[in-house]
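This is what each chain is made of:
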Amino acid sequence: MSAPESLFVRACKCLPVERTPVWFMRQAGRYMPEYRAVRKTHSLIEICKNPQLAAEVTITAAEILNIDAAIIFADLLLPLEVMGSPFHFSAGEGPVIERPLRSAEDIAALRTDSAADLGYVAEAVGLVAKHFAGRIPVIGFCGAPFTLASYMIEGGGSRHYIHAKKLMYAQPEAFDQLLGKLVSVTSEYAAAQVRAGADVIQVFDSWVGCLSVDDYCRYVLPRTTELIQALKKTGAPVIYFGTDTSTLLLSMQETGADVIGLDWRIPLDEGWSRLGNRGAVQGNLDPVVLFSDWKQVETRARDILTRAAGRPGHIFNLGHGILPETPVENVKALAAFVQQYPVKFP
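Residues numbered from 1 in each chain as written. Predicted model: local features only at pLDDT ≥ 70, side-chain atom pairs only at ≥ 80, totals over all residues. Heavy atoms only, no water.

Right, let's get into the overall build of the protein chain. Broken down by element type, the protein chain carries 15 helices and nine strands. Taking 20 Å as the expected radius of gyration for a compact globule of 346 residues, we find that the protein chain reaches 19 Å, a close match to that expectation. In terms of its C-alpha atoms, the protein chain occupies a principal-axis envelope of roughly 55 × 45 × 35 Å. Counting only contacts in the protein chain whose residues sit at least 6 apart along the sequence, the fraction spanning at least 24 positions is 75%. Summing over all exposed atoms, the protein chain offers an accessible surface of approximately 13800 Å²; the carbon and sulfur share of this is 50%. In the protein chain, 33 side chains carry a positive charge and 37 a negative one; their mean positions are 3 Å apart. (Helix = DSSP H or I, 4+ residues; strand = E, 2+ residues; numbered from the N terminus. Rg over C-alpha atoms; globule rule 2.2 N^0.38 Å. Contact = heavy atoms within 4.5 Å. Areas by Shrake-Rupley, 256 points an atom, 1.4 Å probe, with all protein chains shown as cover. Lys, Arg positive; Asp, Glu negative; His and termini not counted. Charge placed at Lys NZ, Arg CZ, Asp CG, Glu CD.)

Rendered as structure tokens:
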């Protein structure tokens, strides 16, 4: 770990801090002119696979926003390639899996022995950690088993997850084998990021909100717990993030994650209460609020901080990533507002 005593890491551990730490998902992205300039000459995948470029866009965003943590620039789907499931990005459509999984035979053919081929991400983490030299921590990340499996089965984005759920229900053993293979690769991949200097790992389960509580507990919770427990052995706190997961919060907490992400669909204090006010929480401003005038942004941010009530363990963030075309000045002003907001312990 490069900044173990930072505000962000302390908040992840529910330790008292003098102010609320703040960072943003997708803080290096298309809303930022500096990032768009890099994208004029490099594709997203080219940036991800070039440690110097990935470190550059990570550092640039963190410094422009004067934020409390830098999340490494990478793509959620990178592990799929080394497993034998290639993908590409289609303009206007997002990621496209070139050979979607449709059978137990497809899943059996996936590899789990090449996670080291993703070492370029850990190298980028090391460059960012060296640059900040303990001034702010570095966040590494990986995808959660269900979300990555859903991409692999659906072939890309989805609204109803028909293929993923069909395989889950009809061939539960094969589905579990897929999740197990993903845990094997992503746990090694994320642990390498910690060894390179990442202070915290965030596990993205962006699609898990499509599941009922029963289905989550039966088909997903065991393997997700396996992943998070493996990551906790690195010594780095683990954030477990999902969207539309208000009904799943208690079950998500069973994974043992140190921090649970809350999206904007539930008030922060209510979400924390559902978790028994145990552990840390992250969130939870609606990203679209940042398109409003500053008075609206400030009012919404103040409400979240009021609901947190200064209790140790709150990390301010959005309920999801910063959207393209978001006004940069609003993002910078929001970070400054949170950092200046006084913490009053109950």
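The topology assignment puts Ser251 in helix α12 (residues 249–253). By relative accessible area, which is 7% here, Ser251 ends up buried. Along the primary structure Ser251 and Tyr216 are separated by 35 residues, whereas in three dimensions their C-alpha atoms are 8.0 Å apart. Those residues in contact with Ser251 that sit more than four places away from it in its chain are Val213, Tyr216, Cys217 and Leu221. (Buried < 20%, exposed > 50% of the residue type's maximum accessible area, 1.4 Å probe, protein only.)

Nonpolar side chains in soluble globular proteins generally cluster together in the buried interior. Grouped together as the largest cluster of nonpolar side chains are 130 residues, with contacts concentrated most on Phe8, Phe24, Val203 and Leu334. Examining the composition of this core, we find that ten residues originate from one element, helix α10 (residues 172–196), more than from any other. Apart from the residues lying within four places of it in its own chain, the contact partners of Leu334 are Phe24, Leu285, Leu290, Trp294, Val297, Ala301, Phe316 and Leu318. (Core = buried A, V, L, I, M, F, W, Y, C linked by side-chain atoms within 4.5 Å.)

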